[in-house]
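Listed below, chain by chain, are the residues.
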Amino acid sequence: MKPSLQSTSVACTKSRLSCALWARPSRWQIRSIHGAHSENRSLDISFLPSSFPPHAGPTSFEGLGLFRPVIAGLRNAFPSVATPTDTQKRFIPAVLSGNDVMLKDRTGSGKSFGLLLALLSKHLSADKFAGIRPSLVIVPHRDLAYQFLHWIQHMHVHMGHSTSLSSIAQVVIRNADTPLDVEINTLRDSQPQILIGTPQAFWDIVQEDESALPLRALSTVIVDEVDYLIESVPENIENATFPGHLRKHLVTESGWLTRKPGGLLKIGGSIEPKRIQDEVKYTLGGTSVQHCVVVISKNGDITNIEDALEPPASTPETSDEPEIATPSVAPSEQVKVPAPTPVLDSKSPSPFNPNSLEAIAAAFALDVPSVALLVLPSSSPVHRAVYELQMMGINAHGLDVLREEQGRAYLMRRDFNAATSNPTLLVSTLASTRGLDLPVLSHVFIYGVFEDQPVDSYLHIAGRVGRFGRGGKVISVVERVRAFKTDKGKLASKNDMVTLQRVLKKIGVVATKFEHFN
Ligand SMILES: Nc1ncnc2c1ncn2[C@@H]1O[C@H](COP(=O)(O)OP(=O)(O)OP(=O)(O)O)[C@@H](O)[C@H]1O
């Protein structure tokens, strides 16, 4: 089938910036990118100039041209989302009108959510019989795929639209429980209008049966976390393929995106490097977010980093945002929960510094009213950390947005001040927290310093709190002397405190004392 020039696609990232929308899905081929590493990780699409004028148009969702039933679903499922953010005011009309858009803005500015509203509007407003070709939403990890589906599911309940949820959207992920051919047959039986999945899942399906995915007949492609996806592309990919295309054409702006003069709108984030400091403060929730650094010394002492500022007098956070009741979902529309996590081998040596975990457990017990997130480096065993924290009496769970107490319950809650008798610590890795939105999070703990792109990693993780001007604490726990093995197997040591000091300096953040460890 020949691709239509009306096709568009969107890509979106969760770090400091970016979201892109472009066309010509017929040129897409999917290559395996999962787990691949690039030597060249210096790609930076952060400072692309904005070619879109400041917004002066409608200020309501109705005025932006969203489909009425989608707005009805939004109002009932998300009453706190009353008016569009600046960035949504700009990109929603652009997406609806079929433009290719590259979007970048600060974390938590509503990029993903707004894209979903636009995508739903495009699909649901299309003529029922003429239909619209399907769309693909590519996200970096499973939990984000389900977060998207969860958002759609909650709006769908209130839309009063006759189309079933499974005909509107489905998640495509790979899990050991569902054989590939079952997944492919499901897709064949009921192809939804919006397919949400990870690159690995799409790649596996295409390899097995290319015709199972409508790659040559897509109406929109959204790529969320586009910078992350680009970074994970191996340098040596032969032929320009997806996301090799992203590297070669999107980033270098060679014209793959610009199918017609002026066809690509670059929206938001025209940030000069010299202004990055201001932008970072904005990105990280302004002055309402505190950044604490807890240092573990060789003898196990736990202290605040030197030169940390005294914390401001605490003022309880106020919010007029209501807690949202979870609407009931018909059993046929409920998301299938994959198999439970594997049993832990607790006898093998722990990769974690026990003093660091103890510091996290103590800080959590002393300071967290309801729910916090602990982010581990990407290769860390989450189950092991959960097990060790549970042994310390902490109500720790591996993050899994399909399970109520492991994350699902927190996707919708907005009762920021509520304290619970048994607060929850959700544990995850950097790779699987990208883009996640748990509005009720008050604290995020960071285990160590992320050696690969430490600044971006910090910005991304810190952005899980302080969303939409709310407060929060980012607490990094670092070792003053961390022993490690070099590539040649020799023992060496690093001072993670110094590395983190450099990161904070670079992004213009001054650490605040974590008061309980004074
Ligand atoms: N217009 C709005 N008004 C109030 N809240 C909003 C609005 N749009 C989105 N939100 C809420 O803001 C939160 C963050 O949205 P979203 O995840 O889309 O931001 P993002 O820019 O994609 O963030 P990140 O870069 O971290 O992924 C969600 O809880 C969403 O419900």
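As named in an unreviewed UniProt entry, the chain is RNA helicase, taken from Grifola frondosa. UniProt lists a comment for the chain under the heading Catalytic activity (unreviewed entry), and it reads "ATP + H2O = ADP + phosphate + H(+)".

Describe the domain arrangement of the chain, listing the residues and the values that go with them.
Accessible area lost upon the coming together of the parts is a frequently used measure of interface size. Looking at the chain, the domain boundaries give domain 1 (61-268) and domain 2 (289-308 + 340-507). Each partner contributes to the interface: domain 1 provides 23 residues, whereas domain 2 provides 21 residues. When domain 1 packs against domain 2, close to 1,800 Å² is buried across both sides, 53% of that on carbon and sulfur atoms. Interface area lost by domain 1 to domain 2 is led by Asp143, Gln147 and His150, which between them contribute 26%. On inspection of domain 1 and its partner domain 2, the count reaches one salt bridge. Between Arg142 and Asp400 there is a salt bridge; the shortest N-O distance is 2.5 Å. Where domain 1 packs against domain 2, one counts four residue pairs in polar contact (both at pLDDT 80 or more). Elements with a minimum of two residues in the side of domain 1 that touches domain 2: α4 (142-157) and α8 (226-231). For the side of domain 1 that touches domain 2, the element with the most residues is α4, which contributes nine residues. By residue class, the composition of the side of domain 1 that touches domain 2 is seven nonpolar, eleven polar and five charged.

Help me get a handle on helix α13 (residues 454-462), residues and values and all.
Most of α13 is tucked away, with seven of its nine residues classed as buried. Every buried residue belonging to α13 is among Val455, Ser457, Tyr458, Leu459, His460, Ile461 and Ala462, and all of these are buried.

How would you explain the packing of aromatic side chains if you had to name every residue and give the values?
One pass over the structure, following the stated rule, counts five aromatic pairs. Between the aromatic rings of Phe78 and Phe113, the centroid separation amounts to 5.0 Å while the plane-to-plane angle is 80°, which identifies the pairing as edge-to-face. With Phe78 in the loop between α1 (68-77) and α2 (86-96) and Phe113 in helix α3 (residues 111-124), this residue pair connects regions lying 35 residues apart in the sequence. Given a relative accessible area of 10%, Phe113 falls into the buried group. Each ring, one from Phe148 and one from Trp151, has its centre 5.8 Å from the other, and the planes form 45°; the classification is tilted. In this pair, Phe148 and Trp151 are both assigned in helix α4, three residues apart and thus about one turn of the helix distant. A single burial state applies to Phe148 and to Trp151, both of which are buried. Taken together, the aromatic side chains of Phe78, Phe113, Phe148 and Trp151 make up a single cluster linked through ring pairs. It is Lys494 that lies over the ring of Phe484; its NZ or CZ is 4.6 Å from the centre.

Give a detailed account of the side chain of His443, specifying residues and quantitative values.
Locating His443 in the fold gives a position in strand β14 (residues 443-447). With relative accessibility at 5%, the residue His443 sits in the buried group. A polar atom in the side chain of His443 sits 2.7 Å from the side chain of Asp367. Each residue touching His443, except ones within four places of it in the same chain, is listed here: Asp367, Val368, Pro369, Val371, Ala372, Leu373, Val465, Lys473 and Ile475.

Tell me about the pattern of salt bridges, and please be specific about residues and values.
Applying the stated rule across the entire model yields twelve salt bridges. As a salt-bridge pair, Arg384 and Glu388 come within 2.6 Å of each other at their nearest N and O atoms. With a gap of four residues between them, Arg384 and Glu388 both fall in helix α12 (residues 382-391), about one helical turn apart. A single burial state applies to Arg384 and to Glu388, both of which are buried. Sharing partners across several salt bridges, the network here consists of Glu451, Arg482, Lys494 and Asp496.

I'd like a description of the pairing of strand β7 (residues 220-224), backed by residues and values.
The buried count for β7 comes to five of five residues, which makes it a mostly enclosed element. As defined by bridge partners, strand β4 (residues 135-138) adjoins β7 across four bridges and the pair is classed as parallel. Bridging across to β7, Leu136 finds its partner in Val221.

Lay out the environment of Ala118 in plain terms, naming residues and giving numbers.
With respect to the helices and strands, Ala118 occurs in helix α3. Exposure remark for Ala118: the relative accessible area of 0% places this residue in the buried category. Not counting residues up to four positions away in its chain, the partners in contact with Ala118 are Leu66, Ile92, Val95 and Leu96.

Account for the sheet that holds strand β13 (residues 424-429), with residues named and values stated.
Spatially, seven strands are ordered β10-β9-β15-β14-β11-β13-β12 in an open sheet, and the strand pairing comes out mixed. Of all strands in the sheet, those bounded by a partner on one side alone are β10 (302-304) and β12 (396-398). Across this sheet, the average inter-strand angle for adjacent strands is 25°, counted without regard to direction. Examined bridge by bridge, β12 and β13 share three bridges and lie parallel to one another. Its bridge partner being in β13, Gly398 is matched across the sheet by Val427. Strands in contact with α12 are β11 (371-376), β12 and β13; relative to β13, the strand with the most contacts, it is inclined by about 155°. Those strands touched by helix α14 (residues 496-506) are β9 (289-296) and β15 (472-479), and its axis lies near 145° from that of β15.

Pulling in residues and values, what's your account of the environment of His123?
Counting through the fold element by element, His123 comes out in helix α3. Between the alpha carbons of His123 and Leu425 there is a distance of 38 Å; along the sequence they are 302 residues apart. If we ignore the near neighbours within four places in the chain, the residues touching His123 are Ile132, Arg133, Pro134, Ser135, Gln193, Ile194 and Ser219.

The rules behind the values
- Residues numbered from 1 in each chain as written.
- Predicted model: local features only at pLDDT ≥ 70, side-chain atom pairs only at ≥ 80, totals over all residues.
- Heavy atoms only, no water.
- UniProt positions renumbered as here; feature names shortened; annotations may be inferred.
- Domains from an automatic or database assignment.
- Contact = heavy atoms within 4.5 Å.
- Buried area = accessible area lost by both parts, 1.4 Å probe.
- Salt bridge = Lys/Arg side-chain N within 4 Å of Asp/Glu carboxyl O.
- Polar contact = N/O pair within 3.5 Å; in protein donor to acceptor, adjacent residues only side chain to side chain.
- Helix = DSSP H or I, 4+ residues; strand = E, 2+ residues; numbered from the N terminus.
- Nonpolar A, V, L, I, M, F, W, Y, C, P; charged D, E, K, R; others polar.
- Buried < 20%, exposed > 50% of the residue type's maximum accessible area, 1.4 Å probe, protein only.
- Phe/Tyr/Trp six-rings, centres within 6.5 Å; stacked < 30°, edge-to-face > 60°.
- Lys NZ or Arg CZ within 6 Å of the ring centre and 35° of its normal.
- Pairing = 2+ DSSP bridges.
- Axes fitted to C-alpha atoms, helices over the stretch in contact; angles between N-to-C directions.

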